[in-house]
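# Residue-level structural notes
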Amino acid sequence: MELVCGCYEQVLFGFTVHREPGPSGQNEKWTPVADFTHHGHAASLSAVAVNNRFVVTGSKDETIHIYDIKKKVEHGALLHHNGTINCLKFFGNGHLISGGDDGLICVWDAKKWDCLKSLKAHKGHVTSLSVHPSGKLALSVGTDKTLRTWNLIEGRSAFIKNIKQNAHIVEWSPGGEKYIVVTMNKIDIYQLETASITGTITTGKRISSVTFISDSILAVAGDEEIVRLFDCDSLKCLCEFKAHENRVKDICSFEVAEHHVIVTASSDGFIKMWRHNPNKETPPSLLCEVNTKARLTCLGVWLDKVADTKDQLPTTAAPSPVKEEQEFKTSPPKSDDSEGKQQQSKKFGRTKDSKKPTKAERLVSAKKRKLEGILEKKKKKKVQVIE
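Residues numbered from 1 in each chain as written. Predicted model: local features only at pLDDT ≥ 70, side-chain atom pairs only at ≥ 80, totals over all residues. Heavy atoms only, no water.

### With respect to the overall build of the chain
Looking only at helices and strands, the chain features 2 helices and 29 strands. For the chain, the share of sequence-separated contacts (at least 6 apart) that also reach a separation of at least 24 residues comes to 46%. Entry remark: accessible area of the chain is about 19200 Å², with carbon and sulfur atoms responsible for 49%. (Helix = DSSP H or I, 4+ residues; strand = E, 2+ residues; numbered from the N terminus. Contact = heavy atoms within 4.5 Å. Areas by Shrake-Rupley, 256 points an atom, 1.4 Å probe, with all protein chains shown as cover.)

### Topic: empty space enclosed by the protein
To find leftover empty space, one rolls a probe the size of a water molecule over the atoms. In the structure shown here, the tally under the stated rule is 2 cavities of 30 Å³ or more. As a volume, the second largest cavity reaches approximately 40 Å³. Every residue lining the second largest cavity is listed: Thr203, Lys205, Ile207, Val220, Ala221, Gly222, Glu224, Ile226 and Arg228. Listing elements by their share of the lining of the second largest cavity, those giving two or more residues are strand S21 (217–222) and strand S22 (226–231). In terms of residues, the lining of the second largest cavity owes the most to one element, S21, which gives 3 residues. Residue composition of the lining of the second largest cavity, by class: 4 nonpolar, 2 polar and 3 charged. (1 Å grid on protein atoms, 1.4 Å probe; cavity = no way out; pocket = protein on both sides within 12 Å on 5 of 7 lines; lining within 4 Å. Points joined across faces, edges and corners; volume = space filled by probe spheres on them. Nonpolar A, V, L, I, M, F, W, Y, C, P; charged D, E, K, R; others polar.)

### Thoughts on the sheet that holds strand S2 (residues 12–20)
As summarised here, the arrangement of the 4 strands in space is S3-S2-S1-S28, forming an open sheet in which the pairing is antiparallel. Every other strand in the sheet has two partners, leaving strand S3 (29–38) and strand S28 (296–302) as the edge strands with one partner each. When strand polarity is set aside, the average angle formed by the axes of neighbouring strands in this sheet is 25°. With 6 bridges joining them, strand S1 (residues 2–7) and S28 adopt antiparallel strand pairing. If you follow Val4 over to S28, its bridge partner there is Gly300. (Pairing = 2+ DSSP bridges. Axes fitted to C-alpha atoms, helices over the stretch in contact; angles between N-to-C directions.)

Written out as structure tokens, the structure reads:
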């Protein structure tokens, strides 16, 4: 098990969690140990996603970096977006979906790392997206005040719903029967069958992250130290607990024998793991914690057991630039302006020994083909007139 998190300081952290049997009659001991730090981006990290082999990170530097978590090497970088990468979601081990400030949603082959489909999703930024457990549908929200449903099999828009505010989080429940849309400090709960709101949960401050612990229990974190657990059916707050000393930036959960584990990351630099018994309305108990001494922004948990789901996402591929593999750094290098410029310059140039064309070259070749086609048509018309 590995905890991975990004921060404003452009560093990706990795912590291996060791589980050891506790003394007789006591719970087992969980201990996070520093595994790696990597300084691959030229700006702060904004999103992270994991599958059974890879960790991908999105940043304000407009790139997506791929890390092979098993080999501990940097696998490459994806350069399709123009603008901050706001959301990254894996579906099984075969596909990655990304959304950014350019309004695009991109579907990637997570084995060859080709861009299979690029959808102009929103007129503004794509702020959040979520893939249905079946892999056939996806939801996205953006700064154009719309909630959009996507048919991933055909790679097209299926439904558009206008909402009154700019939503910044959308999330399917584990069973896929309901989904939530978050705007500021309000959570609207929708049923898939009717596509209508069945309930609303309101908190005191802006909500920064949510995660489903089960189909009916939702963990909610915001711009405060408190994490709350809500029942999606009764809309009641089951319990709340003080998780950090500063605002909670990201939260996720997974299930182990007999209980659920909630993981939280905060601006105070701490990552904490909590044990929660879903059958009891009692606050979770602290399993372990680690201080990164950085301002954390995003969080993921690598469990090394993600099932390879047989999904049917679009298969029309276009090659994407991918950098060559590099080893992980054991400590973050100094971040200076010259390094940032160097990282940004790599985005537009061809990498060493790479035979793939850059974005600029692809645009030039496309224009060239179009011009050649027009000239060919004119030539044919001339011949017809002469005859």
